[in-house]
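Structural description and commentary
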Amino acid sequence: MSLTVIAQRMGTKSFQRLVTGLVLSTLLVGCSSSKTSDVRVVDRNKSVAQRPAVTTGQYVVRPKDTLFSIAFRYGWDYKALAARNNIPTPYTIHPGQTIRFDGRTGSTSAPVASATDSTPSSSLKTTVIRRQPNGATTSTAVVAPSVASKPTPAPMPPAGPAPTGWGWPSNGILIGKFSSNGSLNKGIDIAGDLGQPVLAASDGTVVYAGSGLRGYGELVIIKHSDTYVSAYGHNRRLLVREGQQVKVGQTIAEMGSTGTDRVKLHFEIRRQGKPVDPLQFLPRR
């Protein structure tokens, strides 16, 4: 049956409605049949990504940096990084100072040897003074062999025991778990309310409190021993300062969303600079 006959029998308005419905149906079928692979889904709630430990190049210290924050950022144990750069305790660094990650001579803040001391040489010239029987003196240049020493990589400090008495850093639902895969989560994420207390997971000393580490927002790092540190990110407000002693369960910050798009706490435990699964240390709940 032709469209003309159908239009005559249905009337003009009814025919227009029929044509409009057919067109819309065709468009909807076409949209639903498009490939889903062309649609890109962006996850804006990804956990903090971490790069592997950096073993080449150098870093120039900026204001508010600490050796602990630099070691944390680049996957180093702070004691190994200090040893590599000849930085003694209490590990004080200064803006403009160069921190090296390779096996070359360490930080530029260390005393600089003279050219004759630092340049490799196969001999060392000394002067020997001899006194004659008549009181006169003579001097003779003597060349003695010398072996130049080459810088060796700083040894990794031995691992110590884990602190005892770990506690959960906050109450809330666990929304992100640890992953050992290179660019994935290096800690856990705990959801909560804005301003909710963030607690120290174990006794220790605050070695960093600030927002200088990209992706962590307002961050607190606590040193628990020569081997272990813990980190608390995305806080709204920090309640402790660097150098302060804290006890397990003590409120150190208020939960927030700095450096991320939702209110949560990002919590990490690191052993000699390497992330480990916090759930291995925290009590079951």
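Up top is the structure these notes are about.
Bear in mind the structure is a predicted one, so any value in this text is a computation, not a measurement.

1. Digging into the side chain of Gln-196
Tracing the backbone through its elements, the reader meets Gln-196 in the loop between β6 (188-191) and β7 (197-199). Reaching out from Gln-196, the side chain makes a polar contact with the side chain of Ser-170 at a distance of 2.9 Å. At 2.3 Å, the side chain of Gln-196 and the backbone oxygen of Asn-171 are in polar contact. Residue contacts for Gln-196: discarding those within four places in its chain leaves Ser-170, Asn-171, Gly-172, Ala-253, Glu-254 and Met-255.

2. Some thoughts on the packing of aromatic side chains
Any pair of aromatic rings gets described here by the distance separating the centres and the angle formed by the planes. Within this structure, the stated rule accounts for 10 aromatic pairs. Ring centres of Phe-72 and Tyr-216 lie 5.5 Å apart, and the angle between their planes is 70 degrees; on these two criteria the pair is classed as edge-to-face. One end of the pair, Phe-72, is in helix α3 (residues 67-73); the other, Tyr-216, is in the loop between β8 (204-210) and β9 (218-223), and 144 residues separate them in sequence. The exposure class assigned to Phe-72 is buried, which follows from its relative accessible area of 4%. Using a relative accessible area of 3% as the deciding quantity, one classes Tyr-216 as buried. Between Tyr-78 and Tyr-91, the ring centres sit 5.7 Å apart and the planes meet at 80 degrees, which makes this aromatic pair edge-to-face. Placement of Tyr-78 in helix α4 (residues 78-84) and of Tyr-91 in the loop between α4 and β2 (98-100) is noted, with a sequence separation of 13 residues between them. Relative accessible area serves as the criterion here: at 4%, Tyr-78 is assigned to the buried category.

3. A look at the pattern of salt bridges
Using the criterion set out here, one finds seven salt bridges in the structure. A salt bridge links Asp-226 to Lys-223, with the shortest nitrogen-to-oxygen separation between them at 3.9 Å. The class of Asp-226 is partly exposed, set by a relative accessible area of 42%. Between Arg-270 and Glu-268 there is a salt bridge, with the nearest N and O atoms lying 2.9 Å from each other. The burial state of Arg-270 is the same as that of Glu-268; both residues are buried. Here the residues in one salt-bridge network are Lys-79, Lys-223 and Asp-226, joined through shared partners.

4. Topic: the environment of Pro-278
By secondary structure assignment, the location of Pro-278 is in the segment after β14 (274-276). In this structure Pro-278 comes out as buried when scored by relative accessible area, which is 0%. Distance from Pro-278 to Phe-178, taken between C-alpha atoms, is 7.5 Å for residues 100 residues apart in sequence. Ignoring any residue separated from it by four or fewer positions in sequence, one finds Pro-278 in contact with Phe-178, Gly-187, Ile-188, Phe-267, Glu-268 and Ile-269.

5. Some points on the nonpolar core
Grouped together as the largest cluster of nonpolar side chains are 27 residues, with contacts concentrated most on Ile-70, Leu-81, Phe-101 and Ile-221. Here this core takes five residues from α3, the largest share from any one element. The contacts of Leu-81, once residues within four sequence positions are left out, are Leu-67, Ile-70, Ala-71, Trp-76, Ile-99, Arg-100 and Phe-101. If you look at the next biggest cluster of nonpolar residues, it comprises 23 residues, including Trp-168, Ile-188, Ala-201 and Ile-222.

Criteria and thresholds
Residues numbered from 1 in each chain as written. Predicted model: local features only at pLDDT ≥ 70, side-chain atom pairs only at ≥ 80, totals over all residues. Heavy atoms only, no water. Helix = DSSP H or I, 4+ residues; strand = E, 2+ residues; numbered from the N terminus. Polar contact = N/O pair within 3.5 Å; in protein donor to acceptor, adjacent residues only side chain to side chain. Contact = heavy atoms within 4.5 Å. Phe/Tyr/Trp six-rings, centres within 6.5 Å; stacked < 30°, edge-to-face > 60°. Buried < 20%, exposed > 50% of the residue type's maximum accessible area, 1.4 Å probe, protein only. Salt bridge = Lys/Arg side-chain N within 4 Å of Asp/Glu carboxyl O. Core = buried A, V, L, I, M, F, W, Y, C linked by side-chain atoms within 4.5 Å.

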